[in-house]
Amino acid sequence: MTTLSVLDLSPVTEGSTAGQSLTNTLDLARHAEKLGFHRYWLAEHHNMAGIASAATSVVIAHVAAGTSTIRVGAGGIMLPNHAPLVIAEQFGTLAALHPGRIDLGIGRAPGTDMLTARALRRNLEAGVDNFPQDVVELINYFEPATPDQRIRAVPGEGEQVEVWVLGSSLYGAQLAAMLGLPYAFASHFAPAELDHALEVYRSRFQPSQRLAKPYVMLGVSIVAADTDEQAKLLFTSQQQAFVNLRSGRPGRLPAPVEGYDRDLDPAARQMLAQTLSCAIVGSRETVQRGIEAFITRTGADELMVTAQVFDHAARKRSYEILAEVHKGMKRA
């Protein structure tokens, strides 16, 4: 049975603060742990008023310290923004504090605009091109040190950090397959290459010491409520956020709006139809049918579920309903 996990973008809602968002993140993580979700991931984004997880490793430490069994990690760290040694030390420290619970998903996008990327001291000329070498360097820091090794990650060496390659194109699929690593595809916001990427990853996978056979996790937006109408209303917050972002007006997560899609211009409507084509929104029955269809189509080993819902209680309820649906599917 496909495993379920949580991707929390730690949304800062209109009228709220980053501090409240991070409080909600820990509360949701504890809730997800009780509900039986497998992982809880946070993502690196910068210069975005609506996302509070820019210092991703710090937020992971906050969540891991406040939970006890759920795996906690990054979905992901944008490696071209950082020196591999620094990330190895950060996640080595997390793994030393929380043994067997830390994941490190890594991607090659900046997670921001180019101006902010420069402010991060990112090497814009070489960062993306050096990504495969940086991934290998990072992984090697987690291996036991050799006697003549001059640069070591302490903490980090010998730590059991589960490393993933993230992607939204064929590039990440090829790299994950070549290195024999688990692969997470961002179908929750960039589904265009989903089927092709899965075929490339699975057909080209080379077993490694870290992974014997292909393992695929897919991002998917799922908003569940007691009725289809309630879920669709909650989902309008995410729709608004995407339209605002793609229109050059990023901001905090807006409150839901009745009949939002009725007033959309055709270009925005088409953009949402493409970007959120894998989203599953509705009641228990609708969500179950959507999950079953998505798993049948993709053969996903794991779903990384995000729910950009304005009201924190409604977001928690969405994950409750999802957990109930998942348990019913397992029993069946």
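Remember, it's a predicted structure, so these values are computed and weren't measured experimentally. Counting starts from 1 at the beginning of each chain's written sequence and moves along it residue by residue. Residues qualify for local features only when their pLDDT is at least 70, as the model is predicted, and side-chain atom pairs are given and counted only at 80 or more; totals for whole chains, interfaces and linings, by contrast, use all residues. Just so you know, side-chain values use all the structure's heavy atoms and leave hydrogens and water out.

Visitor: Even after reading the chapter, I still don't get the pattern of salt bridges, so can you show me in this structure?
Guide: Pairing between side chains of opposite charge can happen when the charged atoms of each approach one another. Counted as salt bridges are all cases of a side-chain nitrogen of Lys or Arg within 4 Å of a carboxyl oxygen of Asp or Glu. Summed over all chains, the structure comprises 14 salt bridges. With a shortest N-O distance of 2.9 Å, R315 and D8 are connected by a salt bridge. Here D8 lies in strand β1 (residues 3-8) and R315 lies in helix α11 (residues 312-331), a separation of 307 residues in the sequence. For the pair R315 and D8, a shared accessibility class is recorded, and that class is buried. Across the pair D195 and R297 runs a salt bridge, and its minimum N-O distance is 2.8 Å. With D195 in helix α7 (residues 194-204) and R297 in helix α10 (residues 284-298), the pair connects residues that are 102 residues apart, well separated along the chain. Secondary structure elements are taken from DSSP: a helix is a run of H or I of four residues or more, a strand is a run of E of two residues or more, and numbering for both begins at the N terminus. Buried, partly exposed and exposed residues are distinguished by accessible area as a fraction of the type maximum, computed with a 1.4 Å probe on protein chains only: under 20%, between the cut-offs, and over 50%, respectively.

Visitor: Honestly, the layout of surface pockets in this entry has me stumped. Any pointers?
Guide: Rolled over the atoms, a probe as big as a water molecule pinpoints where empty space is left. Only protein atoms enter the 1 Å grid, on which a cavity is a set of points fitting a 1.4 Å probe that cannot get out and a pocket is an open set with protein on both sides within 12 Å along at least 5 of 7 lines, lining residues being those with an atom within 4 Å of a point. Grid points are joined across faces, edges and corners, and a volume is the space filled by probe spheres set on the points. Approximately 320 Å³ is the volume attributed to the second largest pocket. Where the lining of the second largest pocket is concerned, the elements lending two or more residues are α8 (228-246) and α9 (266-275).

Visitor: I tried to follow the packing of aromatic side chains on my own but got confused; where do I start?
Guide: Aromatic ring pairs: the centre-centre distance and the angle between the two ring planes describe each pair. Under the pairing criterion, centres of Phe, Tyr and Trp rings, with the six-membered ring standing for Trp, must be within 6.5 Å; the plane angle then separates stacked pairs below 30 degrees from edge-to-face pairs above 60, leaving the rest tilted. If you walk through the whole model with that rule in mind, you get 7 aromatic pairs. Judged by centre distance (5.6 Å) and plane angle (85 degrees), the ring pair of F37 and Y319 falls under edge-to-face. Of this pair, F37 sits in the loop between α1 (18-35) and β2 (39-42) while Y319 sits in helix α11, and the two are 282 residues apart along the sequence. For the pair F37 and Y319, a shared accessibility class is recorded, and that class is buried. Ring centres of F131 and Y171 lie 6.4 Å apart, and the angle between their planes is 45 degrees; on these two criteria the pair is classed as tilted. Of the two residues, F131 sits in helix α5 (residues 131-141) while Y171 sits in helix α6 (residues 170-179), which places them 40 residues apart along the sequence. Three or more aromatic residues joined by ring pairs make a cluster, and in this case those are Y183, F185, Y201 and F205.

Visitor: Mind showing me how you'd approach the pairing of strand β9 (residues 302-306) here?
Guide: Along any regular strand the residues' side chains alternate between the sheet's two faces. Across the 5 residues of β9, 5 count as buried, placing the element largely inside the fold. Neither face of β9 is left uncovered, since the one carrying E302, M304 and T306 and the one carrying L303 and V305 both have all their residues buried. Any two strands with at least two DSSP-identified bridges between them are counted as paired. Summarising the sheet, β1 and β9 pair through 4 bridges and their orientation is parallel. Across the sheet, residue L4 finds its bridge partner in β9, namely L303. Relative to β9, strand β7 (residues 216-224) runs parallel, the two being bridged by 5 bridges. If you follow V220 over to β9, its bridge partner there is V305.

Visitor: Explain the packing of α7 against α10 here, please?
Guide: The description of two packed helices rests on the angle between their axes and on the distance between the axes. Helix axes are fitted to C-alpha atoms over the stretch in contact, other axes to C-alpha atoms as well, and angles between N-to-C directions run from 0 to 180 degrees. Interaxial distance between α7 and α10 falls to 10 Å at its minimum, and their mutual angle equals 45 degrees. Classed by the angle they form, the pair α7 and α10 counts as oblique. Contacts from L194, D195, L198 and R202 of α7 reach α10 at F294, R297 and T298. With respect to orientation, any angle under 35 degrees is reported as roughly parallel, any angle over 145 as roughly antiparallel, any angle of 65 to 115 as roughly perpendicular, and every other angle as oblique. Note on contacts: a residue pair is in contact if any heavy atoms of the two residues lie within 4.5 Å.

Visitor: Hey, could you run me through the nonpolar core in this one?
Guide: Across soluble globular proteins, nonpolar side chains have a tendency to be buried as a group. Formed by 87 residues in total, the largest nonpolar core has its most connected members in F37, F91, L104, I291 and L303. No other element matches α11, which puts 7 residues into this core. With residues up to four places along the chain from it excluded, the contact list for F37 reads L4, S5, V6, A32, I70, Y319, L322 and A323. Here, the term nonpolar core denotes a set of buried Ala, Val, Leu, Ile, Met, Phe, Trp, Tyr and Cys residues that are joined through side-chain atoms within 4.5 Å. Counting residues in hydrophobic clusters, the runner-up holds 9 residues, among them L9, W41, W164 and L166.

Visitor: In this structure, what is going on with unusual backbone geometry? I would like to understand it.
Guide: As a rule of thumb, non-glycine residues mostly have phi less than zero, and peptide bonds are mostly trans rather than cis. At the junction of G75 and G76, the peptide bond is cis and its omega measures out at 10 degrees in the coordinates. With respect to the helices and strands, G76 occurs in strand β3 (residues 71-78). The phi dihedral of S10 is positive, around 45 degrees, even though this residue is not glycine. Turning to its location among the elements, S10 is positioned in the loop between β1 and α1. With a phi close to 60 degrees, N47 is a non-glycine residue in the positive phi region.

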